[in-house]
Amino acid sequence: MSKCGYSLDDYKCTLDVFRDGFCLFHLPKPSKAKLNQTTNEQRIFWSQVSSKFTEDFQAFFHDIETSTDVNTIEISGFIFPDSFFQGDTNKPIKFIGCHFVGVSNFDHFVFEQNVLFASTTFEEESTFVQTRFEGDVHFSTCIFKHSARFHASVFKQKCFFLDSYFNFVDFSGSEFYSYCSFSSEFRIAEYSSCLFEEKVSFRNSKFTERLYFKNPYSDADIFFGRKIAEEKPINLDFCEVKIGKNCYSVFEDIDLSKTHFMDTEKFDLIEFKNSKWFKPSGVLGLYRGNALWDEFSTAVLLRAPTPEQLSMMYHKLVIYYDRIREFNISEDFHISEMEMRRKMVSNSVKSRLGKKIREIFNFHTLYLILSRYGSSYTQSLIVFILLAVISSTFILIFGVNEYCSIANTTTALKLNISNMFKLFNFIISSMLPGVSKNSFLFTYPSSIILNISKILLLGQTSLLIFAIRRRFKR
Ligand SMILES: [Zn+2]
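Note that the structure is a prediction, hence the values are computed from the model and not measured. (Residues numbered from 1 in each chain as written. Predicted model: local features only at pLDDT ≥ 70, side-chain atom pairs only at ≥ 80, totals over all residues.)

1. Regarding the sheet that holds strand β31 (residues 440-442)
Judged by pairing direction, the sheet is antiparallel, and its three strands sit side by side in the order β30-β29-β31 without closing on themselves. With one partner strand each, in any of the chains shown, β30 (409-412) and β31 form the two edges of the open sheet. Adjacent strand axes in the sheet meet at a mean angle of 30 degrees, parallel and antiparallel pairs treated alike. Here strand β29 (residues 400-404) runs beside β31; their pairing, made up of three bridges, is antiparallel. The residue bridging Asn 401 from the neighbouring strand is Leu 441, located in β31. (Pairing = 2+ DSSP bridges. Helix = DSSP H or I, 4+ residues; strand = E, 2+ residues; numbered from the N terminus. Axes fitted to C-alpha atoms, helices over the stretch in contact; angles between N-to-C directions.)

Given below as structure tokens:
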């Protein structure tokens, strides 16, 4: 009897021909759509083939499972009709260049060792519901034409979904205990209530229609009885991800304080519902509030983001948060954007030290100090008071006399708190029209200081009004 004509690289099928030059496993089988167009006779024939396939495959699988000569189960180029996998396997398993023309069901299956699906096509629905992957998992260059449901499946080791295509994939309720990478193209992808214990990478992925990411911890119902672990930020690499121009992409209740978004295409299309961002600590934390992790940790990035790039990303976040009327967060990103613009001032400077100096001495820094880039009316007010206090101190140092009209005497004022308060009061009131009742006689230097301080205070008043207006009028 002649042998099956299937071969791949150095693998040659040794099974007997079943029909058309191929064994039962390698025999091309019609898709569901094709079957619908054939005669009744044909349908009955292919249904019998399907039953025989299931029976023979079970026996074949059992043989290699129990064989002591075979360490790895390799399934190359099999063309599967509707297939249901049950139980578990103790050996590493590889599906190479296979084709599932019918549904494939791995629900509750336990892969005790490594799993590889390479260059495999799934024509119809494939389900991995509550499937357990105890070893490493690779889905490389696979095509899921229908839906792939990894609902509540468990990945104990590393998993890689590389260069694959998913029409619709649902990972909701799945648990990932090690590093995982989803560098693939997705039309619709659901990641609600997933548990990620280690780093997750979406680098270079592409989403065309929908991406939904939701944190499990804010969910009222706990998935499959899993105990709520301590909430921790996902270490997420979302660099160089391409979001399609009509893609609805959402991060909901996700802690993004350890997420990189560098070079994400259409970053402005992503919705961040109730997201948490990185909060710088120390001195920076005092005035920065929310910020992007990309700015502070460049660990996974190939090159450090430039202030221009960061400024652009911050600007997009300002627009987004303004749109959803989360003005406090929007202000934080506005401050971050201005910080980046402050750094951009030093672009033309070559030396490192020169850069640092230029970053500090420029008008952006002045704007930062005077009103924290126009966003803080409390800071503007504090600066206003400080200016008035400093002015009155200098005036007292350079000399001022008080005129007493009743006794017709003048007395030189000493530098003390009470006199400072007197002058402070005078400077403020002299700025208001019509309230100037001058009972002070200034020395020449003091009058110069007074005039300068009036100009500065007037400027600061406008910054104060601007900050109040920005805050309350949207
Ligand atoms: Zn064969």
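Following the structure, the description resumes.
2. Overview of the environment of Glu 124
Along the chain, Glu 124 turns up in the loop between β12 (121-122) and β13 (126-127). Through-space distance from the C-alpha of Glu 124 to that of Ser 31 is 8.8 Å; in sequence the pair is 93 residues apart. Apart from residues lying up to four places away in sequence, Glu 124 is in contact with Lys 32, Gly 102, Val 103 and His 146. (Contact = placed C-beta atoms within 7 Å.)

3. Topic: the nonpolar core
In this structure, Val 169, Ala 189, Leu 292 and Tyr 314 are the most contacted members of the largest nonpolar core, which totals 71 residues. Composition of this core by domain shows at least three residues from each of domain 1 (7-276) and domain 2 (277-368). Residue contacts for Ala 189: discarding those within four places in its chain leaves Phe 166, Val 169, Phe 207, Arg 210 and Leu 211. Ranked by size, the runner-up nonpolar core spans nine residues in total, among them Val 383, Phe 384, Leu 457 and Ala 467. (Core = buried A, V, L, I, M, F, W, Y, C linked by C-beta atoms within 7 Å. Buried ≥ 20, exposed ≤ 12 C-beta atoms within 10 Å, placed from the backbone. Domains from an automatic or database assignment.)

4. Thoughts on the packing of helix α9 (residues 377-398) against helix α10 (residues 417-431)
The interhelical angle for the contact between α9 and α10, taken along N-to-C directions, is 115 degrees, at an axis separation of 9 Å. For the pair α9 and α10, the crossing hand works out as right-handed. Across the interface between the two elements, Ala 388, Val 389, Ser 391, Ser 392, Thr 393, Ile 395 and Leu 396 from α9 touch Asn 419, Met 420, Leu 423, Phe 424, Ile 427 and Ile 428 from α10. When its residues are assigned to classes, the contact of α9 with α10 shows nine nonpolar, four polar and no charged. (Left-handed = near helix turned anticlockwise from the far one by under 90°. Nonpolar A, V, L, I, M, F, W, Y, C, P; charged D, E, K, R; others polar.)

5. A short note on the domain arrangement of the protein
We note that the domain assignment places domain 1 (7-276), domain 2 (277-368) and domain 3 (377-473) within the protein. Every contact between the two is made by 14 residues of domain 1 and, on the other side, 13 residues of domain 2. Of the residues assigned to the side of domain 1 that touches domain 2, the class counts are six nonpolar, four polar and four charged.

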